[in-house]
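In case you want the letters, here they are:
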Amino acid sequence: MNQDQLLVLYRKMVELRCLDEMLLELKMKGLIMDGFHPYQGQEAVALGIGTAIRPEDVVISNHRPQGHAFSKGTTSRQIMAEFLGRRGGPSQGIGGPMQFIDVDNSFFCGSIVGSGITFATGVAMALKRAGKDRIAVTYFGDGASNTGSFHEGLNLASIWKLPVLFILENNQYGEAMPVREFVSVYPISKRAESYSMPGITVDGMDVITVAEAAQTAVGKVRRGEGPYLLEAVTYRFKGHYGGDPEHTYRTREEVEQWRQKDPLPRLKALLIDSGVEVGAMAAMENEVSEALQNDQAWALEQPFLTVEEATDHVMIPLNSHIPKERRS
Amino acid sequence: MTPARTITYRNAIREATREEMRRDSSVYLIGEDVGRWGNLFGASTGLLEEFGWEQVKDSPISEAAMMGCAVGSAVMGMRPIVEVMYIDFITIAMDQIVNHAVKYHQLSNGQVKVPVTIRTQGGIGMRNSSQHSQSLENWFVNVPGIIVAMPSTPYDAKGLLKSAIRNDNPVILIEHKSLYFTRGEVPQEEYLVPFGVADVKREGKDVTIIATSYMVLQALAAAQKLAAESISAEVIDPRTLWPLDSQTLVDSVRKTRHCVVVTEAPAEGGWSGEASAVIHEHCFGDLVKPVKRVCGMRTGVPYPTHLEKAVVPDADWIVASVKDVLA
């Protein structure tokens, strides 16, 4: 990637980090009502993957979707509104932070761990049949790799050679359960072997590494070579959810060690080395932060749906498929 | 109109599937052994040969993957018919049905449709014991967002399945393993059976028997026996447990003033209680006696032929209960 591309990537990374910090504050204030899972620390994964996929590809995300959605093209403003449960979010606040569906952005999501994996096989099957070299990309965590859905889904994707890229974000913990005690194999990408698909493990704290790995993986999937498992080893700096009892499962020292690998300063240092002015970067960071403040002010002014509106789409009106004169 | 033919319930299902797959190439069938075997009962025999693997997909024994695949493809505009070989196996696929298929339309504020048709079969009749003989329809009635259909005749099976495939909501069509080789009249012409419209299977004036699925046949046999004793029973099949055609049930009970509800599933916490509540809410003043429920025993289904029959209602149980409410 050239310097301009890296600058764009850095700007996105700053925006995503700031956005996540603001979301966490809103959660702590009770304005985001619940179900918020911070993404800080994992930005290199979603943004690295984002460099390799196209707007028409379909992403299926999990209970921690803000980075995935932002990387796909959903705006910070939309994310804030949805997380606040308000109009202006892609689903007008019905799904909130864990069931974040942005249809216009081909972005689906669900909060049951592992379920997006089998869902993605169906998306991929439909895309394959449509024959337009679009692919399905699904994000899930180390915890999800222990579910039946993971194993059933990878098998199905493999036997039917479906165009799906499985992104395993190994952030070291399934809630409070450390990966080293709860997953039987390391690296987890070894599980791909059982399903006759390529599986690699990369440094998920380095956006360039992730981007390069994503280019390779997406290329293979798009060429019809079948599914691919990409494990990005990363770390969430905040709790599983904002304010979780972190001391029960990890030490401050451990968090501090991982913070040394923070993907933001890593990319920033690279840019400065390549000659970008420190002042210019600080100005850009301020600009991003100010824009987000405006987004937040806007989002907080958006109204909620009424009860009638919120419950209006439980089902499509019945028998709408039967011509009126034939309904008895 | 050309005269109706008499065909089996199994063939009615196959006809519906074939007609809808010919009509719309986005319709496809996915399930264990739906292709090579053509389903356990032959309900999809010949479809693989006609439509090929694109539209007839044998799935690995992976109910979670099969259902997830169906739901994901439906969201992308395909119209899957997912066959779950026995309703007992649906436990493995429940997450995709309850948390995904029925939630996506609302979660997307109406932007996403999930036109999934789930076909499965339950009940006794094959000496399969308790993990292959259950009546689990009540679970689905408890979840907002899914239509629950239980056809009792070839006519209803064909018409409801065709409606299901064309409907943009998730639909579960629960067949009964003891019905596949029963026969009934089915028109040559195309027709659909709408959801939420009960069918009066036999008219009567002394008592209303509301029954579902295979129990409709038992109720009709009971009505026959009762007629010999000059008791006139009306037998009503709701055809869809949800949406429920309350009006037809209520109209009947206002006329007969007595009501028995029959299901193969156990009574406790079930749809039979819902039907009974609807009658009590609307016909309290008309009823001579409280509604009586005749339901499967609260037990796993035992294996031996005579014991599996012994734990679910039959015509004699129903006759005895009718006499009870008429006494």
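Remember, predicted model here, so these are calculated numbers, not experimental data.

Criteria and thresholds
- Residues numbered from 1 in each chain as written.
- Chains lettered and ligands numbered in written order.
- Predicted model: local features only at pLDDT ≥ 70, side-chain atom pairs only at ≥ 80, totals over all residues.
- Helix = DSSP H or I, 4+ residues; strand = E, 2+ residues; numbered from the N terminus.
- Rg over C-alpha atoms; globule rule 2.2 N^0.38 Å.
- Buried ≥ 20, exposed ≤ 12 C-beta atoms within 10 Å, placed from the backbone.
- Contact = placed C-beta atoms within 7 Å.
- Pairing = 2+ DSSP bridges.
- Axes fitted to C-alpha atoms, helices over the stretch in contact; angles between N-to-C directions.
- Right-handed = clockwise from strand over helix to strand, strands pointing away.
- Domains from an automatic or database assignment.
- Expected span 1.5 Å × (residues − 1).

Caption draft 1: Layout of the overall build of chain A. When helices and strands are counted, chain A shows twelve helices and eight strands. Computed over C-alpha atoms, the radius of gyration of chain A comes to 20 Å, within 12% of the 20 Å expected from 2.2 N^0.38 for 328 residues, which places it in the range of a compact globule. Buried positions account for 50% of the 328 residues belonging to chain A. Partitioning the intrachain contacts of chain A with sequence separation of at least 6 by distance along the chain shows that 75% fall at a separation of at least 24.

Caption draft 2: A look at the interface of chain B and chain A. Tallying the contact residues gives 41 residues for chain B and 40 residues for chain A. Within the residue set of the side of chain B that touches chain A, elements represented by two or more residues are α3 (63-75), α4 (94-101), α5 (104-107) and α7 (154-166) of chain B.

Caption draft 3: Quick peek at the sheet that holds strand β9 (residues 199-202) of chain B. Residues and elements named next belong to chain B. If you trace the five strands from one edge of the open sheet to the other, you get β9-β11-β10-β13-β14, paired in mixed fashion. At either margin of the open sheet sits one strand with a lone partner, and together these are β9 and β14 (292-296). If you compare each strand with its neighbour and ignore which way they point, the axes differ by 25 degrees on average. With five bridges connecting them, strand β13 (residues 259-266) and β14 associate as parallel partners. Within β14, the residue paired with valine 260 across the bridge is lysine 292.

Caption draft 4: Structural context of the sheet that holds strand β2 (residues 27-31) of chain B. Residue and element names in this part refer to chain B. Judged by pairing direction, the sheet is mixed, and its seven strands sit side by side in the order β3-β2-β4-β5-β7-β6-β12 without closing on themselves. Only two strands of the sheet have a single neighbouring strand rather than two, namely β3 (56-58) and β12 (240-242). Each strand of the sheet is rotated relative to its neighbour by a mean of 20 degrees, with strand direction disregarded. Bridge analysis of β2 against β3 gives three bridges, and the strand direction is parallel. Across the sheet, residue leucine 29 finds its bridge partner in β3, namely valine 56. Contacts between α3 and the sheet are confined to β2 and β4 (79-84), with β4 contributing the most and set at about 165 degrees to the helix.

Caption draft 5: Representation of unusual backbone geometry in the model. Omega for the bond connecting Tyr186(A) with Pro187(A) falls within 30 degrees of zero, at -5 degrees, which places this linkage in the cis form. Within the element layout of this structure, Pro187(A) appears in the loop between α7 (179-182) and β7 (199-203). A cis amide bond, omega 0 degrees, links Trp242(B) with the succeeding residue Pro243(B). Along the polypeptide, Pro243(B) turns up in the loop between β12 and α9 (246-256). Within the chain, Asn109(B) stands out as a residue other than glycine whose phi angle is a positive 55 degrees. Inspection of the secondary structure puts Asn109(B) in the loop between α5 and β5 (117-122). By the C-beta count within 10 Å, which is 22 here, Asn109(B) ends up buried.

Caption draft 6: Summary view of the pairing of strand β11 (residues 233-237) of chain B. Residues and elements named next belong to chain B. For β11, the tally of buried residues reaches five of five residues, placing the bulk of the element in the interior. Neither face of β11 is open: one carries Ala233, Val235 and Asp237, the other Glu234 and Ile236, and all of them are buried. Pairing of strand β10 (residues 207-211) with β11, which is carried by four bridges, proceeds in the parallel orientation. Counterpart to valine 207 in the pairing with β11 is alanine 233. Each parallel crossover has a hand, and for β10 linked through helix α8 (residues 214-228) to β11 it is right-handed.

Caption draft 7: Up close: the domain arrangement of chain B. Residue and element names in this part refer to chain B. In terms of domain boundaries, chain B breaks down into domain 1 (5-186) and domain 2 (199-326). One C-alpha centre belongs to domain 1, the other to domain 2; they are set 26 Å apart. Opposite the 23 residues of domain 1 that make contact, domain 2 presents 27 residues. Elements that contribute at least two residues to the side of domain 1 that touches domain 2 include exactly α6 (137-141), β6 (147-149), α7 and β7 (171-176).

Caption draft 8: Inspection of the environment of Val84(B) at higher detail. With respect to the helices, strands and loops of the structure, Val84(B) is situated in strand β4. Discounting residues that sit within four places of it in the chain, Val84(B) has contacts with Gly31(B), Glu63(B), Phe89(B), Ile90(B), Ala93(B), Ile118(B) and Thr120(B).

Caption draft 9: Broad picture of the environment of Gly204(A). Residues and elements named next belong to chain A. Within the secondary structure, glycine 204 is located in the loop between β7 and α8 (207-222). The class of glycine 204 is buried, set by 30 C-beta atoms lying within 10 Å. Measuring from C-alpha to C-alpha, the distance between glycine 204 and glycine 48 comes to 8.7 Å, with 156 residues separating the pair along the chain. Not counting residues within four places of it along the chain, the set of residues in contact with glycine 204 comprises Gln42, Ala44, Val45, Glu169, Val210, Ala232, Val233 and Thr234.

Caption draft 10: Expanded view of helix α1 (residues 3-28) of chain A. For α1(A), with 26 residues, the first-to-last C-alpha span of 37 Å sits near the 38 Å given by 1.5 Å per residue. Gly30(A) occupies a position one or two residues after α1(A) and carries a positive phi of about 85 degrees.

Caption draft 11: The arrangement of the environment of Tyr249(A) in detail. Residue and element names in this part refer to chain A. Among the secondary structure elements, tyrosine 249 is positioned in the loop between β8 (228-233) and α9 (252-259). Of the residues examined, tyrosine 249 has 16 C-beta atoms within 10 Å and is grouped as partly exposed. Considered as a pair, tyrosine 249 and tyrosine 173 are 76 residues apart in the sequence and their alpha carbons are 8.9 Å apart. Beyond its immediate sequence surroundings of up to four residues, tyrosine 249 is in contact with Tyr173, Ala176 and Pro178.

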